[in-house]
Amino acid sequence: MELGKFNFSLPIQIRWSDLDPLGHVNNAVYVTYFEIVRGHFMLHACPGWDWQKDMFLIGNVTVNFLKELKLTPAAATVHVRTSKLGNKSFVLDYAITSQ
């Protein structure tokens, strides 16, 4: 995935409670990271966004895990882009990186 094609990113803080017994971020927590960054992305992409009027539903979430994420990575960041825009739907792609 080319990070240059992502037009928004936000650093994330990994919390102790995000970890599983092996010290990796729990699989379910990735979706929470996406949710947090999606809120910031929508306000960035559409400054006049009204969450009460323009609410949307998440129809599908798919996560491909390429490498584990641990508590102490340097610069853990979530990147977001809109990869498809339809008449009544849109698709967001996410990538999480760290150094």
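Before any of the text, the structure's been laid out above.
To keep things clear, this report deals only with the structure shown in the data block. Just so you know, these numbers come straight off a predicted model, no measurement behind them. (Residues numbered from 1 in each chain as written. Predicted model: local features only at pLDDT ≥ 70, side-chain atom pairs only at ≥ 80, totals over all residues. Heavy atoms only, no water.)

## Observations concerning the side chain of His79
Note the threshold: Secondary structure follows DSSP: runs of H or I at least 4 residues long count as helices, runs of E at least 2 residues long count as strands, and numbering of each begins at the N terminus. Polar contact is defined as a pair of N or O atoms within 3.5 Å, subject to the rule that within protein one atom must be able to donate a hydrogen and the other to accept it, and that residues adjacent in sequence are counted only when both atoms are side-chain atoms.
Mapped onto the elements of the fold, His79 is located in strand β2 (residues 77–85). Within polar-contact distance, the side chain of His79 engages the side chain of Thr97 at 2.8 Å.

## Observations regarding the nonpolar core
Test applied: Grouping buried Ala, Val, Leu, Ile, Met, Phe, Trp, Tyr and Cys residues that are joined through side-chain atoms within 4.5 Å yields what is termed a nonpolar core. Only protein chains enter the accessibility calculation, which uses a 1.4 Å probe; a residue is then buried when its area is under 20% of its type maximum, exposed when over 50%, and partly exposed in between. The criterion used for residue contact is that any of the two residues' heavy atoms lie within 4.5 Å.
In this structure, Ile14, Val25, Tyr33, Val78 and Val80 are the most contacted members of the largest nonpolar core, which totals 20 residues. Of all the secondary structure elements, the ones that give two or more residues to this core are α1 (27–45), β2 and β3 (90–97). Broken down by element, this core gets its largest block of residues, 7 residues, from α1. In this view, Val25 contacts Ile14, Asp18, Leu19, Tyr30, Tyr33 and Leu69; residues no more than four positions away in its chain are not counted.

## So, the pattern of salt bridges
Note the threshold: A carboxyl oxygen of Asp or Glu within 4 Å of a side-chain nitrogen of Lys or Arg is what we treat as a salt bridge.
Per the counting criterion, the structure on display carries 3 salt bridges. Residue Asp18 pairs with Arg15 through a salt bridge whose shortest N-O separation is 2.7 Å. Here Arg15 falls in the partly exposed class, since its relative accessible area comes to 45%. When the shortest N-O distance is used, the salt bridge between Asp93 and Arg81 registers 3.0 Å. Residue Asp93 is found in strand β3, and its partner Arg81 is found in strand β2; the two are separated by 12 residues along the sequence. Each member of the pair, Asp93 as well as Arg81, is classed as buried.

## Details of the packing of aromatic side chains
What counts here: Centres within 6.5 Å make a pair out of two Phe, Tyr or Trp rings, where for Trp the six-membered ring is used; the pair is then stacked when the planes are under 30 degrees apart, edge-to-face when over 60, and tilted otherwise.
Applying the stated criterion across every chain, the model contains 6 aromatic pairs. Geometrically, the ring pair formed by Tyr30 and Phe65 is edge-to-face, given 5.0 Å between the ring centres and 75° between the ring planes. With Tyr30 in helix α1 and Phe65 in the loop between α1 and β2, this residue pair connects regions lying 35 residues apart in the sequence. Residue Phe65 is classed as partly exposed on the basis of its relative accessible area of 41%. For the pair Phe56 and Phe90, a centre-to-centre distance of 5.4 Å together with 75° between the ring planes defines the contact as edge-to-face. Separated by 34 residues along the polypeptide, Phe56 in the loop between α1 and β2 and Phe90 in strand β3 bring together distant segments of the chain. According to the relative accessible area criterion, Phe56 is buried, its value standing at 17%. Through a chain of ring-to-ring contacts, the aromatic side chains of Tyr30, Tyr33 and Phe65 assemble into a single cluster.

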